[in-house]
Amino acid sequence: MTKVGVLALQGDFAEHLQALGKLKVETREVRLPRDLEGLGGLIIPGGESTSMARLMDIYELRGPLKERVREGMAVWGTCAGMILLARRLVEDRPEPLGLMDIEVRRNAFGRQVDSFEADLVIPALGDKPFHAVFIRAPVITQVGPQAQIMAALKDGRAVAARQGRMLGTAFHPELTEDLRFHRHFLKMVRSRAE
Amino acid sequence: MEKGTWQVKAGLAQMLKGGVIMDVVTPEQAKIAEEAGACAVMALERVPSDIRQAGGVARMADPSRILAIMETVTIPVMAKCRIGHFVEAQVLEALGVDYVDESEVLTPADETHHIWKHEFKVPFVCGCRDLGEALRRIGEGAAMIRTKGEAGTGNIVEAVRHMRAVMGEVRKVQNMNEDELQAEAKALGASLELVRDIKHVGRLPVVNFAAGGVATPADAALMMQLGADGVFVGSGIFKAARPERVGKAIVQAVTHFKNPEVLAEVSKDLGEAMPGLDVRTLKQEQLLAVRGW
């Protein structure tokens, strides 16, 4: 049985745990390095990337988390989580983990009054559009050769990317009832599980 | 592309969960709060304990102060308007603040009506003392709720009272039969629809933070264990002897609220906490939580 962790330092980790629960997956809240042991996958939720980065530093989670990803743990970041997965940010803070070959701009649409909902066509999830919720959301400004864009807005701005066993989305599938992204991630997790 | 929807208003509050929202009065304090790991800041003219001391009428902060704080940090910035003062709320929305707190800490502008919050694009957070009050505010469009506690006292007793009231009433409604809900809605002074939602979902339909009296990491963890989704800290940080340390400690206490070893560690050497007030010595007109209904 594959266990999936959700980084529970700050943010909407409970919503991800609930979505995984609906898919009958065994889950674990991750707050300390020891919580990463034996996980097949990890979700870094939405929240405030500066708060999460701060708490990752205090409890020395960066090293062990990157090590586990190198060993094959699948990882998915939503919104703040995608910011943390990026190789580089347009802004100088916070310091990301540098795992995915993407450059990300924080708060790319403006402040909260500019937060929005939109339907996205995502070929990897099938024909039915995915209703996406963007909250003070980032965008992907550059994609390196190792990563592929999975979804873009009508104006062409990239809002989801995949690189091997890593996934980043600028929006929040955990806030909707549509579980296709969670299923997609679980497939990635299980593709490697013995 | 739809903006200002209920989903994105309530959704921002969901992103703040497990975090600490800190009161700040200057860009320098906002910077310290962000560095300490705050998930948002509340931009104010004065912290609640100073509002208490100053007396008179407390109003929305000067827009230039709010803007200076917005320019300094990248985390969400909230600001307070007076209860019922929908024009102050319009001004805050025009400034682009991320959340408006219709707050009893400021002097109420309307003793009968709260703001009709549904017609705003900016989301609102409101205080409550019990489930009925929480549901009345949600009915008016609040996308986030917090306990009122008794702001500016450094005394957790009222926040505990209010959180226990809300959580206890939620549990009670959850165990009621369908045919008992109309009478309960009447008793709570809330809509039947929202009361039914509580029964079926087993929790408030929006995020619920603790506020009003949090002064130490243990206070913050206490509120989390009582069921809060996160914590507002007002005077507790910048009225403490060592604000940076207290801020960082409270952030860690909210993340690790179920872990007493971490709580013990972060509670060490914080220096003098903010001076506290015994709520029982306050006169009726000095109580903030009784403002609004």
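In what follows, the accompanying structure is described. Computed from a prediction, not measured in an experiment: that's the story for all the values here.

1. Topic: the overall build of chain A
Phase 1 of the analysis: The helix and strand tally for chain A stands at five helices and twelve strands.
Phase 2 of the analysis: Projected onto the principal axes, the alpha-carbon positions of chain A cover approximately 40 × 35 × 30 Å.
Phase 3 of the analysis: Residues classed as buried in chain A amount to 64% of the 194 residues present.
Phase 4 of the analysis: Partitioning the contacts of chain A with sequence separation of at least 6, the portion at a separation of at least 24 is 64%.

2. Considerations on the overall build of chain B
Phase 1 of the analysis: Secondary structure summary: chain B contains 13 helices and nine strands in total.
Phase 2 of the analysis: For chain B, whose C-alpha radius of gyration is 18 Å, the value lies close to the compact-globule estimate of 19 Å for 293 residues.
Phase 3 of the analysis: Each principal axis of the C-alpha distribution contributes one length, and for chain B these read about 55 × 45 × 45 Å.
Phase 4 of the analysis: Counting all 293 residues of chain B, 60% fall into the buried class.
Phase 5 of the analysis: When contacts within chain B are restricted to residue pairs at least 6 apart in sequence, those whose partners lie at least 24 apart make up 67%.
Phase 6 of the analysis: Surface exposure of chain B reaches about 11500 Å², of which carbon and sulfur atoms provide 50%.
Phase 7 of the analysis: For chain B, the separation between the mean place of its 34 positive charges and that of its 39 negative charges on side chains is 2 Å.

3. Observations concerning the pairing of strand β4 (residues 74–78) of chain A
Residue and element names in this part refer to chain A.
Phase 1 of the analysis: The buried count for β4 comes to five of five residues, which makes it a mostly enclosed element.
Phase 2 of the analysis: Burial along β4 is two-sided: the face carrying A74, W76 and T78 and the face carrying V75 and G77 are both buried.
Phase 3 of the analysis: Pairing between β4 and strand β12 (residues 166–169): four bridges, direction parallel. What sits directly across from G77, in β12, is G168.

Calculation notes
Residues numbered from 1 in each chain as written. Chains lettered and ligands numbered in written order. Predicted model: local features only at pLDDT ≥ 70, side-chain atom pairs only at ≥ 80, totals over all residues. Heavy atoms only, no water. Helix = DSSP H or I, 4+ residues; strand = E, 2+ residues; numbered from the N terminus. Buried < 20%, exposed > 50% of the residue type's maximum accessible area, 1.4 Å probe, protein only. Contact = heavy atoms within 4.5 Å. Rg over C-alpha atoms; globule rule 2.2 N^0.38 Å. Areas by Shrake-Rupley, 256 points an atom, 1.4 Å probe, with all protein chains shown as cover. Lys, Arg positive; Asp, Glu negative; His and termini not counted. Charge placed at Lys NZ, Arg CZ, Asp CG, Glu CD. Pairing = 2+ DSSP bridges.

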